[in-house]
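Coordinates in review
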Amino acid sequence: MGHTLTEILDAAAEGRFPPPDGGTTVVPQENRRDAGVIAFTAHSVVFTDEDPDWVRSTLDALDCDALAATMNARFLAALLARTGRSTDTIDLLTVAGPLPGEPPLQLREMADPDHPRVHRALKRRDDVRVWSADGGVLVLGRGVAGRWETAIEVDEDVRHRGLGRELARAARHLVPGGQPVWSQQATGNARSIRAFQAAGYRPVGAESLLLAPASR
């Protein structure tokens, strides 16, 4: 297993995961913006600049299944309180390899987009680019540890026609440099999970991203 978050994610994208030994690896943040927890199968990675001894002692104090401790609400609440951060939800973390050529879906790149999905991406990613299709939006940018991440939005009146799947697959054509593309889906959003898996994205773990206050 790698020693940095980038190395761990690069390996996971290739299907090589931390050992399923019930352990927790604590690594430093790779930038001020991104901290959080990724739970792989029977091994978790906490990426934070907080004291690793505090992380481990807090986990040890929990009265819960040790394999679930890093995603336990009480640990996440303690980490949020200690760091002064916030979070939205626990996501399913998925990844897919790049695809050659142009996407078959007709897309228009947007130079100055004004869309809630885009505003959200700009707070969490760098080098953000946005494309629109009839009834949908695709966002691509660099997120946690510099990985390429995508997010999509489909208008309610065109749902159930496969557009979400086509947008998710298009991101695999658009990702630069032959890199893998990552995406997070809220665990309760079954519709989004189905769309991304139909587009070839593989589940690799669960992720809770801790958001820095706007003033930082």
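Since the structure is predicted, the reported quantities are computational estimates derived from the model, not experimental observations.

Brief notes about the overall build of the protein chain
- Tallying secondary structure elements over the protein chain gives 6 helices and 10 strands in all.
- Taking 2.2 N^0.38 as the reference for a compact globule, 216 residues should give roughly 17 Å; the C-alpha atoms of the protein chain span a radius of gyration of 18 Å, in line with that estimate.
- Counting only C-alpha atoms and orienting by the principal axes, one finds that the protein chain spans roughly 50 × 35 × 30 Å.
- Buried residues in the protein chain amount to 50% of all 216 residues.
- Taking the intrachain contacts of the protein chain between residues at least 6 apart in sequence as the baseline, contacts between residues at least 24 apart amount to 63%.

Let's talk about unusual backbone geometry
- The backbone of A42 sits at a positive phi, close to 55 degrees, despite the residue not being glycine.
- Along the chain, A42 turns up in the loop between strand 2 (34-40) and strand 3 (43-47).
- By relative accessible area, which is 23% here, A42 ends up partly exposed.
- One non-glycine residue with positive phi stands out, namely D127, at about 55 degrees.

Digging into the nonpolar core
- Membership of the largest hydrophobic core comes to 22 residues, with the highest contact counts inside it found for L107, L138, L140, L167 and Y201.
- Secondary structure elements with two or more residues in this core: strand 6 (126-133), strand 7 (136-142), strand 8 (148-154) and helix 5 (163-174).
- With 6 residues, the top contributor of residues to this core is helix 5.
- Not counting residues within four places of it along the chain, the set of residues in contact with L167 comprises L105, L107, A133, G136, V137, L138, I152, E153 and V154.
- Of all hydrophobic cores here, the second largest spans 18 residues; its members include L5, L9, V144 and L209.

Some points on helix 6 (residues 190-198)
- Three or more residues of helix 6 are buried, namely S192, I193, A195 and F196. One side of helix 6 holds all its buried residues, which, seen down the axis, span an arc of 165 degrees. Opposite the packed face of helix 6, turned more than 90 degrees from it, sit the exposed residues R194 and A198.
- Those residues of helix 6 that are buried lie in contact with strand 4 (91-96), strand 8, helix 5 and strand 9 (181-186).
- Trailing helix 6 by a residue or two, G200 shows a phi angle of about 95 degrees, which is positive.

Here we look at the pattern of salt bridges
- Under the defined criterion, the tally for this structure stands at 10 salt bridges.
- The partner of R124 in a salt bridge is D88, and the shortest N-O contact between them spans 2.4 Å. Of this pair, R124 sits in helix 4 (residues 116-124) while D88 sits in the loop between helix 3 (73-83) and strand 4; the two residues are 36 residues apart in sequence, bridging distant segments of the chain.
- What makes R124 buried here is its relative accessible area of 17%.
- Judged by relative accessible area, D88 falls into the exposed class, the value being 52%.
- With a closest N to O distance of 3.6 Å, D134 and R108 form a salt bridge. Pair noted here: D134 is in the loop between strand 6 and strand 7 and R108 is in strand 5 (residues 108-109), with a separation of 26 residues, a long-range link.

Cut-offs used in this document
Residues numbered from 1 in each chain as written. Predicted model: local features only at pLDDT ≥ 70, side-chain atom pairs only at ≥ 80, totals over all residues. Heavy atoms only, no water. Helix = DSSP H or I, 4+ residues; strand = E, 2+ residues; numbered from the N terminus. Rg over C-alpha atoms; globule rule 2.2 N^0.38 Å. Buried < 20%, exposed > 50% of the residue type's maximum accessible area, 1.4 Å probe, protein only. Contact = heavy atoms within 4.5 Å. Core = buried A, V, L, I, M, F, W, Y, C linked by side-chain atoms within 4.5 Å. Arc of directions from axis to C-beta. Salt bridge = Lys/Arg side-chain N within 4 Å of Asp/Glu carboxyl O.

Purely geometric numbers; function is a separate question.
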